[in-house]
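# Topology and contacts: notes
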Amino acid sequence: MKRTWWKEAVIYQIYPRSFMDSNGDGIGDLKGITAKLDYLKELGIDVIWLSPVYQSPNDDNGYDISDYQAIMEEFGTMEDFDEMLSEAHARGIKIVMDLVVNHTSDEHRWFVESRKAEDTPYRDYYIWREGKEGNQPPNNWGSCFGGSAWKYDEQRQMYYLHLFSPKQPDLNWDNPKVRQEVFDMMTWWCEKGIDGFRMDVISMISKTKDMPDGKVNGLYGDFGPYCVHGPHVHDYLKEMNEKVLSRYDIMTVGETSGVTVEEAKKYAGEDSHELNMVFQFEHVDGHGKYGKWNDERMPLSKLKEIMSKWQTELYGKAWNSLFWDNHDQPRVVSRFGNDSPEYRERSAKMLATCLHMMQGTPYIYQGEELGMTNYPFETMADFRDIESVNAYKEWCESGRVSHEEFWPCLCLISRDNARTPVQWNDTENAGFTTGTPWIKVNPNYKEINAAAEVKNPASVFCYYQKLIALRKQYPVIVYGKYTLLLPEDENLFVYTRELEEDKLLVVCNFSSAEQAFSVPEEFADAECLISNTEEREYEGTVALKPYEAFVLLR
Ligand code: GLC
Ligand code: CA
C-alpha cells in the first residue's frame, strides 16, 4: 500500500454559514473562519474541507452555484478568501474546496443562456427533453428534495432535469464543452493554490441516454439506476484526472452515495487514476420508514457488519473516508450515542474512539469535537433546510403520514441538526454572532461550548486532540489491517489493527449498561493509549462502564 499525506491527514469540515460570523449579520463568513484558524491548529487537524463559498442564490445554502469564480457576498470577498488561504497555509493547514458540478444554479450564466428560445452555444449544457403528451414530464423520476425531477421551462418550452431542487438544473456531462468548462474552472482554483476538491454527488454526473420510468417508491420513480454510477462516470473522472488533478499535489474525495465496494475500487482504487478516496454513506443510510426519515436506531451488529465490510474489502486496494457527521447528517452523539447530561461526553468520546482507530481518512464536522447535539425542534418554523421543509409538506401536509408519526423522524434526521451555529462560548448566541443568527443556536450552549472545553483536559475537545495526535504517532492506526471481534454482540464494538510488530485492540461499549469483556491473552501486558474513563488494569475479564472505550497497544 502506498503511503501518502492524505491517508495520514485528519480533515475538519466547515459549513461557513454556521461557523463564525465576523460582522454581526447573523451569517458565518470567511473572516470568521480566519479568526478561528488558531483554534483548529490547536485541535491538530491538517486539512479544512470548506463547504461551498461561491456566489449563490442560496436555494440549497451554496450547493446551487451561480458563479464558480466569485465569492458569495454574505461570506465576504475574494480578498477575504485569499487571506484565509494564506493564513491557513501559514499554519500548515490545507484547504479543500467543495466542487459542486453535477448541477449549477438556475441563475448561472450558462443556464440563463441555455433556457433561451433561440439557438445559443449553451443549448446542450443542461439536460433538456420534450414532455409526454398532455403536458406530462418526460418520465416519473422524483427529485431528492421532493416533487418531480423535471421542470417545464416556459421560455424554452421544454423540460429540464433537476435531481435536486428546480433551482439546481443538472449539467450535461456528455457535452465535451461542459467538461472543458469545469476543468478550466478547477485549474483556475488549483493555480490559486488550493489543496484539493471534495466532489459533491460526483457519482451522479453521467446519466443513461434513454431515461425510462423508475421503480415507484412513494409518489415518484427512482432515478438511481439511470443516474447514479452511470455509464460514463469513470471515463469522465479519468479525463478530469488527466487534465487537472494529476497536475497538482492535491487531494480529492468523491461523495458517492450508494456506492458498492466494487464501484469504490474504481473511483478510489490505488491505481485507478480517478479520485483519492470515496465518501460513502452505508453506515448512516436511513433505509427509513419514510424514505430517508426514520426514528429507529440501526442494530449495532448491522453497523459493525457494514463498517467492517468497508475496512476489510478496501484494504490495500482503495481508500475510504471515516465520518459520523457532516452537514447533511444529524449529530452523532444524539444518533448513535446518548445525549443526556449523564452520558453525553463519555458517549461522544466513545464514538470518536471507535471511528478514529479505523483505517481511512477521518473527517470531523464542526462542533463534533465539542460533542454538540441535535437541536430540540419545536415547530416547523425552526427549520431552514429545503429538504426538511419539503419533506414535511410531502409526507405530512399531504395527509400520507400523521404529524405524530413523522415529527420524531424529521427531528432525529434533519440536516438542520448539523447546521445550528458552532457554540464558541457561553455569551449570547454562543459567541457565534452579535446579531440575529440565521438559524437558532442550540439552547445547550451554556454547558457545551469551545471556550469551556479548550481549557478542560477532560473535555470532548481535548479527547479529539489526543486521538488526532495518536494517529500521527502510530502508523498502525493509519495502515494497520483490521479484524472485527465479537461480530454478533449488540453492545460492544471490538476490533484489532495490525501492522508489522504492532497490534491495537479497540474496545467500545455502545450501551448504557455495564458490559463484561475478556481481554485477549495477547494484550495482557499491553499499554493503554487512550481511554474515556479512568485508566486501570486491562487483564482478564473487565467490567466496562456504560459507553466506556479504551485502546490497547502491544
Ligand atoms: C450533496 C450535498 C448536499 C446538497 C446536495 C446537492 O449531497 O452534501 O448538502 O444538498 O449534494 O448539491
Ligand atoms: Ca457575517
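For clarity, every value in this text was computed on a predicted model and none was experimentally measured.

Cut-offs used in this document
- Residues numbered from 1 in each chain as written.
- Chains lettered and ligands numbered in written order.
- Predicted model: local features only at pLDDT ≥ 70, side-chain atom pairs only at ≥ 80, totals over all residues.
- Heavy atoms only, no water.
- Pairing = 2+ DSSP bridges.
- Helix = DSSP H or I, 4+ residues; strand = E, 2+ residues; numbered from the N terminus.
- Contact = heavy atoms within 4.5 Å.
- Axes fitted to C-alpha atoms, helices over the stretch in contact; angles between N-to-C directions.
- Near = heavy atom within 4 Å.
- Polar contact = N/O pair within 3.5 Å; in protein donor to acceptor, adjacent residues only side chain to side chain.
- Areas by Shrake-Rupley, 256 points an atom, 1.4 Å probe, with all protein chains shown as cover.
- Nonpolar A, V, L, I, M, F, W, Y, C, P; charged D, E, K, R; others polar.
- Domains from an automatic or database assignment.
- Donors = N, O, S within 2.8 Å, 3.2 Å for Na, K, Ca; no water.
- Buried < 20%, exposed > 50% of the residue type's maximum accessible area, 1.4 Å probe, protein only.
- Buried area = accessible area lost by both parts, 1.4 Å probe.
- Salt bridge = Lys/Arg side-chain N within 4 Å of Asp/Glu carboxyl O.

Attention shifts here to the sheet that holds strand β5 (residues 94-99). Sheet architecture is open: eight strands sit in the order β13-β12-β9-β5-β2-β1-β15-β14, paired in parallel fashion. Across the chains shown, the open sheet's two edge strands, defined by having one partner strand only, are β13 (277-279) and β14 (321-322). Bridge count for strand β12 (residues 251-255) against β13 is three bridges, and the pairing is parallel. Among the inter-strand pairings, G254 is bridged to a residue of β13, identified as V278. Relative to the sheet, helix α6 (residues 176-192) contacts β5 and β9 (196-199), its axis offset from that of β9 by approximately 140°.

One open sheet accounts for five strands, arranged β16-β17-β18-β22-β20; its pairing is antiparallel. In the strand order of this sheet, the two ends are held by β16 (481-485) and β20 (527-531), each with one partner. On average, adjacent strands in this sheet sit at an angle of 20° to one another, irrespective of strand direction. The sheet contact formed by strand β17 (residues 492-499) and strand β18 (residues 502-509) spans eight bridges and is antiparallel. Counted as the bridge partner of T496 is L505 from β18.

Turning our eyes to something else, we now look at the site of ligand 1. Residues in close proximity to ligand 1 total 14 residues, the closest being D60, H103, D200, H327 and D328. The separation between an oxygen atom of ligand 1 and a polar side-chain atom of D60 is 2.5 Å. At 2.9 Å from an oxygen atom of ligand 1 is found a side-chain nitrogen or oxygen belonging to H327. Taken by itself ligand 1 offers 310 Å² of open surface, and the protein chains cover 95% of this. Across the shell around ligand 1, the residue classes tally to four nonpolar, three polar and seven charged. For the shell around ligand 1, the domains that each give at least three residues are domain 1 (5-104 + 176-375 + 415-467) and domain 2 (105-170).

This part is about the coordination of the calcium ion (ligand 2). Here the calcium ion (ligand 2) is held by the protein donor atoms D21 (OD), N23 (OD1), D25 (OD), I27 (O) and D29 (OD), which lie 2.2 to 2.4 Å from it. By relative accessible area, which is 5% here, D21 ends up buried. Here D25 falls in the partly exposed class, since its relative accessible area comes to 35%.

An α-helix turns once every 3.6 residues. As a result, residues three or four positions apart point the same way. Those residues of helix α8 (residues 233-243) that fall on the buried side of the exposure criterion are V233, H234, Y236, L237, E239, M240 and N241. Next to the buried residues of α8 lie β5, α6, β9 and α9 (261-268).

Further remarks concern the domain arrangement of the chain. The domain boundaries assigned to the chain delineate domain 1 (5-104 + 176-375 + 415-467), domain 2 (105-170), domain 3 (378-413) and domain 4 (477-553). Taken over C-alpha atoms, the centre of domain 1 sits 29 Å from the centre of domain 4. Taken together, the contacts link 31 residues of domain 1 with 34 residues of domain 4. Across the domain 1 to domain 4 interface the summed buried area is about 2800 Å²; carbon plus sulfur atoms make up 66%. Of all residues in domain 1, the largest losses of buried area upon contact with domain 4 belong to K304, R346 and M357, amounting jointly to 24% of the total for that side. At the surface where domain 1 touches domain 4, the tally comes to zero salt bridges. Joining domain 1 to domain 4, the criterion identifies 15 residue pairs in polar contact (both at pLDDT 80 or more). Breaking the side of domain 1 that touches domain 4 down by element, the ones donating at least two residues are α1 (5-8), α10 (300-313), α12 (344-356) and α17 (460-473). Each residue belonging to the side of domain 1 that touches domain 4 can be placed in one class, and the counts come to 15 nonpolar, ten polar and six charged.

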